[in-house]
Amino acid sequence: MTPHFVLRGALALAAALLVSVPAQAQLFRAYLAIDGNDANPCTLPQPCRLLPAALGAVADGGEIWLLDSANYNTATVNIAKSVTILAVPGAVGSILANGSPAVFIDTAGVNVALRNIVIVRFPGSAVTYGINMTNGSSLTVQGSLVSGPSDACIRVEGAVSVRVIDSTIRCDGYGIQVRNGVSATITRSVISAPVGYAVAAEGSAAGTTTTASVADSTLQGSGVGGYAGSTNATATAILAVGGSQVDRNGFGLQASSSAGGTARLTARDNLITNGQFYGIQVTGAGARAWAVGNTVSDGLFGLAAESGGVFESAGDNAVRNNGTNKSGTITVVATE
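Residues numbered from 1 in each chain as written. Predicted model: local features only at pLDDT ≥ 70, side-chain atom pairs only at ≥ 80, totals over all residues. Heavy atoms only, no water.

Turning our attention to the pattern of salt bridges. Summed over all chains, the structure comprises 8 salt bridges. A salt bridge links Glu-202 to Arg-179; its shortest N-O distance comes to 3.3 Å. Taken together, the residues span a long stretch of sequence, with Glu-202 in strand S19 (residues 197–203) and Arg-179 in strand S16 (residues 174–179) at a distance of 23 residues. With respect to burial, Glu-202 and Arg-179 carry one shared label: buried. Members of the salt-bridge network, linked through shared partners, are Arg-155, Glu-157, Arg-179 and Glu-202. (Salt bridge = Lys/Arg side-chain N within 4 Å of Asp/Glu carboxyl O. Helix = DSSP H or I, 4+ residues; strand = E, 2+ residues; numbered from the N terminus. Buried < 20%, exposed > 50% of the residue type's maximum accessible area, 1.4 Å probe, protein only.)

Grouped together as the largest cluster of nonpolar side chains are 77 residues, with contacts concentrated most on Ile-64, Leu-139 and Ile-154. Considering each element in turn, this core owes the most residues, 4 residues, to helix H2 (residues 51–57). Setting aside anything within four residues of it in sequence, one finds Ile-64 in contact with Ala-30, Leu-32, Leu-51, Ala-54, Leu-55, Val-58, Val-83, Thr-84, Ile-85 and Leu-86. (Core = buried A, V, L, I, M, F, W, Y, C linked by side-chain atoms within 4.5 Å. Contact = heavy atoms within 4.5 Å.)

With parallel pairing, the 11 strands of this open sheet are ordered in space as S3-S6-S9-S12-S15-S18-S21-S24-S27-S30-S33. Here the strands that pair on one side only, and so sit at the sheet edges, are strand S3 (70–71) and strand S33 (318–320). Two elements, strand S9 (residues 117–121) and strand S12 (residues 145–147), share 3 bridges in a ladder whose sense is parallel. Its bridge partner being in S12, Val-120 is matched across the sheet by Ser-147. (Pairing = 2+ DSSP bridges.)

Let us now look at the sheet that holds S19. In spatial order, the strands read S4-S7-S10-S13-S16-S19-S22-S25-S28-S31-S34; together these 11 strands make up an open sheet with parallel pairing. Each having just a single partner strand, strand S4 (77–79) and strand S34 (324–327) make up the two edges of the open sheet. Between one strand axis and the next, the sheet turns through 10° on average, direction left out of account. Taken together, the 6 bridges between strand S22 (residues 224–230) and strand S25 (residues 251–257) define a ladder with parallel strand orientation. Within S25, the position partnered with Gly-226 by the bridge is Leu-253. (Axes fitted to C-alpha atoms, helices over the stretch in contact; angles between N-to-C directions.)

Here Ser-222 shows up in the loop between strand S21 (218–220) and S22. Separated by 30 residues in the primary sequence, Ser-222 and Ser-192 have C-alpha atoms spaced 5.5 Å apart. Residues in contact with Ser-222, not counting those within four places in the same chain, are Ile-191, Ser-192, Ala-193, Pro-194, Gly-196, Ala-198, Arg-248, Asn-249 and Gly-250. Side-chain polar atoms of Ser-222 contact the backbone nitrogen of Ala-193, separated by 2.7 Å. (Polar contact = N/O pair within 3.5 Å; in protein donor to acceptor, adjacent residues only side chain to side chain.)

Before going further, it helps to spend a moment on the pairing of strand S14 (residues 161–165). Examined bridge by bridge, strand S11 (residues 138–142) and S14 share 5 bridges and lie parallel to one another. Opposite Ser-138, over in S14, you have Ser-161 as the bridge partner. The pairing of S14 with strand S17 (residues 183–187) spans 5 bridges and is classified as parallel. The partner of Val-162 across the bridge, within S17, is Ala-184.

Sheet topology places strand S1 (residues 27–32) next to strand S2 (residues 58–66); 5 bridges connect them, and they run parallel. If you follow Ala-30 over to S2, its bridge partner there is Ile-64.

This brings us to the side chain of Ser-147. Within the fold, Ser-147 resides in strand S12. Contacts of Ser-147, omitting those with residues within four sequence positions, involve Ile-119, Val-120, Arg-121, Cys-153, Arg-170 and Cys-171.

Turning next to the state of the cysteines. Here a disulfide denotes a covalent bond joining the sulfur atom of one cysteine to the sulfur atom of another. For the structure on display, the rule yields 2 disulfides. The disulfide that involves Cys-42 links it to Cys-48, with 1.9 Å between the sulfurs. Taking the sign of the S-S torsion, -95° for the link of Cys-42 and Cys-48, the bridge is left-handed. Cys-48 matches Cys-42 in its accessibility class, with the two residues each being buried. Residue Cys-153 pairs covalently with Cys-171 via a disulfide, S to S 1.9 Å. For the disulfide bridge between Cys-153 and Cys-171, the dihedral angle about the S-S bond is near 95°, and by the sign convention the bridge is right-handed. Placement of the pair is Cys-153 in strand S13 (residues 152–157) and Cys-171 in the loop between strand S15 (168–170) and S16, with a sequence separation of 18 residues. Here Cys-153 falls in the buried class, since its relative accessible area comes to 0%. The class of Cys-171 is buried, set by a relative accessible area of 3%. If the cysteines joined by disulfides in the chain are listed in sequence order, their pairing comes out as 1-2, 3-4. (Disulfide = S-S within 2.5 Å.)

Structure representation (structure tokens):
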């Protein structure tokens, strides 16, 4: 007997010992299985098969457990309530993106968490997003893989708190794109976007502040590894990257401002290597960079300030073996 079936048996026994609830009551915990049926009540003894059925059965704030390695959708999964969706240890819980986002969230106040989930593009299909969140309170992606969509693996906009932990993110345009009010924290993850931005904090809406903090992660093989950019006079975009490897990108870390917007980059204790163009670049009159303890090597340019951007250094960055180690005015500011 496999450990997986032992787990399912133990869960079923535990469920049988619980006091039953009325049939019409929504479940705190709904279950999906490869042998489930959407006509079932989504309980452990009678699991459903696909996510829309489980979302209908689970209570707001509840959980959906994926018991087997299988795909659990046939179209975009629209999430309109607070829920945690997780695959049990040893199972690969898959959500396919096929011609549209795999997961779409557009409901005020919802908190959504995805754990141990695989989101991939169906081969040959044209897909824009893996996870697209345009309204809500929070999004957590933990221990998951998102790969394949053309525009962005994870795209979030508005006053949303985002956490990405222990995950692998691989998409063409954006790995993680947060915009216009998002506060994001990214930890222990590997992120790449071959023709775009691994992590981007962007401000285009007036009066918004967007922040993204990246720690202990790898930003690799992208057009830009980490990006803070504002294109509105009253929008602010802030990116902090610390203790991370930034490797084989066109631009390693970049702060860019246009139209009078504010963009700020803090880079501390990163290894920034093998860049096609710039290691750390700041460009535009409203853009600022602060660099402390980074190693920047083997790129075309190491540190660069252009078009009125302000670049401040703690004076302890190791910048060597670049085509040009420093370009523009790099101001050394003593730490306090």
